[in-house]
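Survey of secondary and tertiary structure
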2 protein chains.
Amino acid sequence: MARPTNQVLSILQTRLDKAAILAGDAIDPRYSDDLSGGPGARPELVLRPRNTSEVAEILNACNAARLPLVVQGGRTGLSGGARVLAGEAVLSLERMTALQEVEPTAGTIVAEAGVPLQVVQERADAAGLVFGVDIGARGTATIGGNIATNAGGIRVLRYGNFRAQVLGVEAVLADGSVLSSMKGLAKDNSGYDLSQLFVGSEGTLGVVTRACLRLHPKPVTQSAAFCSLPSLDAAFGLLKFLRGRLGNLLSGFEVILAPLMGDMVSALGFTAPVALTSPVYVLTDIQGMTPGADEEAFTEALSQAIEDGLVEDVVLSQSEREYQGLWTLRDDCNRFLFAEGAMLSLDVSLPLPRMGAFLDLAEAAQAHADPAARAYIFGHLGDGNLHYVVRTDRPNEVAKAVFDCVAKSGGSISAEHGIGLDKKAYLHLTRTPAELAAMRRIKAALDPNNILNRGRIFDMPPALPSA
Amino acid sequence: MARPTNQVLSILQTRLDKAAILAGDAIDPRYSDDLSGGPGARPELVLRPRNTSEVAEILNACNAARLPLVVQGGRTGLSGGARVLAGEAVLSLERMTALQEVEPTAGTIVAEAGVPLQVVQERADAAGLVFGVDIGARGTATIGGNIATNAGGIRVLRYGNFRAQVLGVEAVLADGSVLSSMKGLAKDNSGYDLSQLFVGSEGTLGVVTRACLRLHPKPVTQSAAFCSLPSLDAAFGLLKFLRGRLGNLLSGFEVILAPLMGDMVSALGFTAPVALTSPVYVLTDIQGMTPGADEEAFTEALSQAIEDGLVEDVVLSQSEREYQGLWTLRDDCNRFLFAEGAMLSLDVSLPLPRMGAFLDLAEAAQAHADPAARAYIFGHLGDGNLHYVVRTDRPNEVAKAVFDCVAKSGGSISAEHGIGLDKKAYLHLTRTPAELAAMRRIKAALDPNNILNRGRIFDMPPALPSA
């Protein structure tokens, strides 16, 4: 074992229980990587604390020994943020799964970092409330990882992203100091909001150990519509129209472009709810509090949209079963794409007014990079977020070509998947040198020895040798 | 003039227009203080840039000369954040008032820092949209100041605080580097969200020059209810009940406690909408998209609340005029309190489940600190935010006593007014040494010479003399 690892072990062995330290052959290969599927190194050490003070002891020891750590939650990330690099120990929050009861007056819940998202959703539901974020990996992804990556998903249009659900965070800095902002207040302007700083920082600034989360009233009505549209512009028109007409009743607005819709229906072999002759399909839904009036407002709005030429054909759910059935179509996109095997999977965000032009640009650039490439595009149109998945033998060339178009169109190369290790090389395309320099200054201020998730998001300049 | 001032002047006189530099007798006394009313120093220099690159030139020059700057927007702050300290120059954003047209597809607007809040509200309204924050100082308070202080107000329950309206910020760091995150994307997880870092940092980390703001669909229905309640617990019960029943239709939930209500009605001489025999009064309203159904749902919910004993009496608005009339009552609280003259004005935030116990604690502590003190309490109950205003001859003793109770109850000493200069001495009561140390590390990383709003929120340790 390397010297820093031994130094850390000699300290921690006397302070942590046996299950907290895995070394050598006891380390399961699952600790090496996340869902991004890159080749991770085998860690020499996996540390599994039971509580925040153990996290603090671990970080203190690793910081003193200059042992770099990669932080792991459910390892469902898609950008390689949790993948192990040579020489890194793993800090896994998997044993920190305490979940408090819902606080009913304020409508909040306190969860440790290792609690899976779905467990929070179910606890909220049992209390007659709803948690505002839902993503496909809900069963495995953890609250700590969700915070570190500012998870998005299908309900951002309604409730905002994960950032908006976080009322407070407890986090441990690289030197072991514990920042606990767990008051759970809706309003607090007493100094910097340190909790927000950790949201989306991908574990580079501190280790999130607990959070106080906001819950929302549970809707009692829901209705979904699957629409075929004549163009992407019609989709923007429909979004604007439904927002203006339905306000916050509008709860989801997902888009599927034609090649994906057709190929998916052929491959999975089911009957599409509408004729597959249109270039654009939208799945939209409402969730509200007023039975009868809500569904009526939705139906009337959709009729108007057809009359206005925004929608060609529409199927409206008439029951809970049909509602779930239409949403299954959206999940089928992922089922189809996973079954297709290795594909280049990009997750981009565009200003809505420039999305159409971006798609034209990207189509040409992609064809130039790989004439044989085929793009499958779907995503959260209401948030300007497209999942841009490409079957190609030249993934690097196509990624560079599409990201260049994102940059030209004023977009982001990562809407919700983060940067991790895998997108780091492209970050300079959409963030300026001044922005990257500011990020590095904040990183150096909170983790001067660069031990936490080193090399994720950006690289730090090499430190001067200490005296 | 002091040497650093001369050094800065000699550089800036050749680069800025004449109106950008005020010195000596040309400086109006209004630049010395904000609404907090403390005695501000007379600045030697007031700098009034026209655009972001002029802000960068100014900061660069001041940083090189180590000339400290206080940043000013509309000077409506209530914590002395914009008050001038001896030796400081003023950086006023008052000439940066460009406001772009509403982007209709995304529903966003780009404003320079000096644009008054009300101008943004009106531009949004003209485009059929609504801006999510409203505060009493709307006509004078500016977007830059609103961002720096994370402004709150009466619509936080519905739309969140100012933080939630900010899609991107352009800011200049102390060394003149410009961070421009103005893509206006609803989702962007590509590196740290630097925009959010500036929200609520009270001008200590950088100067906000522009922002891209989120707008919301404009409600078409509204209805307000003024209720008398048997207890504070009934108010929590009513809040929970209305939230669960009406969801996001519920738009405001303000409380006025008995002594204030009675004294205000006597002093201003109007007829109260309900009999003044209750300890607690609530003004609540809905804003929605479905005429008929919305008002019906509100009426039914209030009837149920009376039946359940949560509400004693209620007056429901039947017209736009009555709606505005009930909201005027809420504004009358400030009118009454301002007319009463100098009072201790605290703005605290409590976890809802502990607010009742806090009020009991605070009443006793306040009576101990000044037996003659009389407290007027009202505020945004839906956000856990109380304005706690005390008529007392011993403001320092009473403030300390009440803030101690806030700390014991797990609250915040500033819900929406910020810390500035005036509440700095109390910040340690509710933020830990580790939190304060982390704030200082971030401040030192972005403003190493401590030239921006020095001494606001917290003091920095004296810098080592440079070699």
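Residues numbered from 1 in each chain as written. Chains lettered and ligands numbered in written order. Predicted model: local features only at pLDDT ≥ 70, side-chain atom pairs only at ≥ 80, totals over all residues. Heavy atoms only, no water.

A word on the overall build of chain A
When its secondary structure is counted, chain A shows 14 helices and 16 strands. For 467 residues, the compact-globule estimate of 2.2 N^0.38 gives 23 Å, and the C-alpha radius of gyration of chain A, at 23 Å, lies within 12% of that figure. With the C-alpha coordinates aligned to their principal axes, the bounding extent of chain A is approximately 75 × 55 × 40 Å. Out of the 467 residues belonging to chain A, those deemed buried represent 60%. Here the contacts in chain A between residues at least 6 apart in sequence split such that 72% fall between residues at least 24 apart. (Helix = DSSP H or I, 4+ residues; strand = E, 2+ residues; numbered from the N terminus. Rg over C-alpha atoms; globule rule 2.2 N^0.38 Å. Buried < 20%, exposed > 50% of the residue type's maximum accessible area, 1.4 Å probe, protein only. Contact = heavy atoms within 4.5 Å.)

A few points about the domain arrangement of chain A
Residues and elements named next belong to chain A. Once the domains are mapped, chain A shows domain 1 (3-92), domain 2 (108-217), domain 3 (221-338) and domain 4 (342-429). The gap between the C-alpha centroids of domain 2 and domain 3 is 30 Å. The interface is formed by five residues belonging to domain 2 together with 13 residues belonging to domain 3. When domain 2 packs against domain 3, close to 800 Å² is buried across both sides, 44% of that on carbon and sulfur atoms. Interface area lost by domain 2 to domain 3 is led by Arg155, Leu157 and Arg158, which between them contribute 74%. On the surface where domain 2 and domain 3 come into contact, there are one salt bridge. The shortest N-O distance in the salt bridge between Arg155 and Asp285 comes to 2.9 Å. The tally of links between domain 2 and domain 3 comes to five residue pairs in polar contact (both at pLDDT 80 or more). (Domains from an automatic or database assignment. Buried area = accessible area lost by both parts, 1.4 Å probe. Salt bridge = Lys/Arg side-chain N within 4 Å of Asp/Glu carboxyl O. Polar contact = N/O pair within 3.5 Å; in protein donor to acceptor, adjacent residues only side chain to side chain.)

Things to note about unusual backbone geometry
Positive phi values are uncommon outside glycine, yet Ile457 of chain A reaches one of about 70°. Here Ile457 of chain A shows up in the segment after α14 (433-446). Note on Ile457 of chain A: relative accessible area 0%, which makes it buried. Of note in this structure, Arg66 of chain B is not a glycine but carries a positive phi near 60°. In this structure, Arg66 of chain B sits in the loop between α2 (52-65) and β3 (69-72). Using a relative accessible area of 43% as the deciding quantity, one classes Arg66 of chain B as partly exposed.

Observations concerning the packing of helix α8 (residues 232-246) of chain A against helix α12 (residues 352-369) of chain A
In a packed pair of helices, the relevant descriptors are the angle between the two axes and the axis-to-axis distance. Residues and elements named next belong to chain A. In the contact formed by α8 and α12, the axes pass within 10 Å of each other and the chain directions differ by 165°. As judged from the angle between their axes, α8 and α12 are roughly antiparallel. Crossing of α8 against α12: the hand is right-handed. The segment α8 lies against α12, with Leu232, Phe236 and Leu239 engaging Leu352, Met355, Gly356 and Leu359. Split by residue class, the contact of α8 with α12 holds six nonpolar, one polar and no charged. (Axes fitted to C-alpha atoms, helices over the stretch in contact; angles between N-to-C directions. Parallel < 35°, antiparallel > 145°, perpendicular 65-115°, else oblique. Left-handed = near helix turned anticlockwise from the far one by under 90°. Nonpolar A, V, L, I, M, F, W, Y, C, P; charged D, E, K, R; others polar.)

Let's talk about the nonpolar core
Formed by 193 residues in total, the largest nonpolar core has its most connected members in Phe358 of chain A together with Phe358 of chain B. In contact with Phe358 of chain B, other than residues within four places in its own chain, are Val348, Leu350, Leu386, Tyr388, Val402, Cys405, Val406 and Ser409 of chain B. (Core = buried A, V, L, I, M, F, W, Y, C linked by side-chain atoms within 4.5 Å.)

Let's talk about the relation of the copies chain B and chain A
Once chain B is rotated about the relating axis by 180° and shifted along it by 0.0 Å, it coincides with chain A to within an RMSD of 0.0 Å. Taken together, the rotation and translation describe the operation of a two-fold axis. In this assembly, 100% of the residues forming the interface of chain B have copies in chain A that are likewise at the interface, indicating an isologous arrangement. (Least-squares fit on C-alpha atoms with pLDDT ≥ 70 in both.)

With respect to empty space enclosed by the protein
Counted under the stated rule, the structure contains four cavities of 30 Å³ or more. By volume, the largest cavity amounts to about 170 Å³. Surrounding the largest cavity, 19 residues form its lining, Gln196 and Leu197 of chain A together with Asp193, Gln196 and Leu197 of chain B being those nearest its centre. Counting residues per element, the ones that place at least two in the lining of the largest cavity are α7 (194-198) of chain A together with α7 (194-198) of chain B. Per-class residue counts for the lining of the largest cavity are 11 nonpolar, four polar and four charged. (1 Å grid on protein atoms, 1.4 Å probe; cavity = no way out; pocket = protein on both sides within 12 Å on 5 of 7 lines; lining within 4 Å. Points joined across faces, edges and corners; volume = space filled by probe spheres on them.)

Here we look at the pattern of salt bridges
Residues and elements named next belong to chain A. Scanning the entire structure with this criterion turns up 53 salt bridges over all chains. Residues Asp447 and Lys443 are paired through a salt bridge, measuring 2.8 Å at the closest nitrogen-oxygen approach. Overall, Asp447 belongs to the buried group, its relative accessible area being 1%. Residue Lys443 is classed as buried on the basis of its relative accessible area, which comes to 2%.

Comments concerning the UniProt feature "domain: FAD-binding PCMH-type" (unreviewed entry) in chain A
Per the UniProt annotation, the sites labelled "domain: FAD-binding PCMH-type" (unreviewed entry) are residues 38-218 of chain A. In this annotation, residues 38-218 of chain A is assigned 24% helix and 22% strand; the end-to-end C-alpha distance for the span is 39 Å. (UniProt positions renumbered as here; feature names shortened; annotations may be inferred.)

A word on the sheet that holds strand β4 (residues 89-92) of chain A
Residues and elements named next belong to chain A. Strand order in this open sheet of four strands is β1-β2-β4-β3, and the pairing throughout is mixed. The open sheet terminates on both sides in strands that have one partner only, identified here as β1 (21-23) and β3 (69-72). This sheet shows a mean twist of 20° between the axes of neighbouring strands, independent of strand direction. In the sheet, β3 pairs with β4 via four bridges, with the strands oriented parallel. Opposite Val71, over in β4, you have Leu91 as the bridge partner. Contacts between helix α1 (residues 3-12) and the sheet are confined to β1 and β2 (45-47), with β2 contributing the most and set at about 40° to the helix. (Pairing = 2+ DSSP bridges.)

Some points on the side chain of Ser223 of chain A
Positionally, Ser223 of chain A belongs in strand β10 (residues 221-229). In this structure Ser223 of chain A touches Thr284, Asp285, Ile286, Glu295, Phe298, Leu316, Ser317 and Tyr323 of chain A, once residues within four positions along its chain are discounted.

A few points about the environment of Thr142 of chain A
Residues and elements named next belong to chain A. Here Thr142 is to be found in the loop between β6 (129-131) and α4 (143-149). Separated by 28 residues in the primary sequence, Thr142 and Gly114 place their C-alpha atoms 5.4 Å from one another. Every residue in contact with Thr142, bar those within four places of it in the chain, is listed here: Gly73, Gly74, Ala113, Gly114, Val115, Pro116 and Leu117. A distance of 3.5 Å separates a polar atom in the side chain of Thr142 from the backbone oxygen of Ala113.

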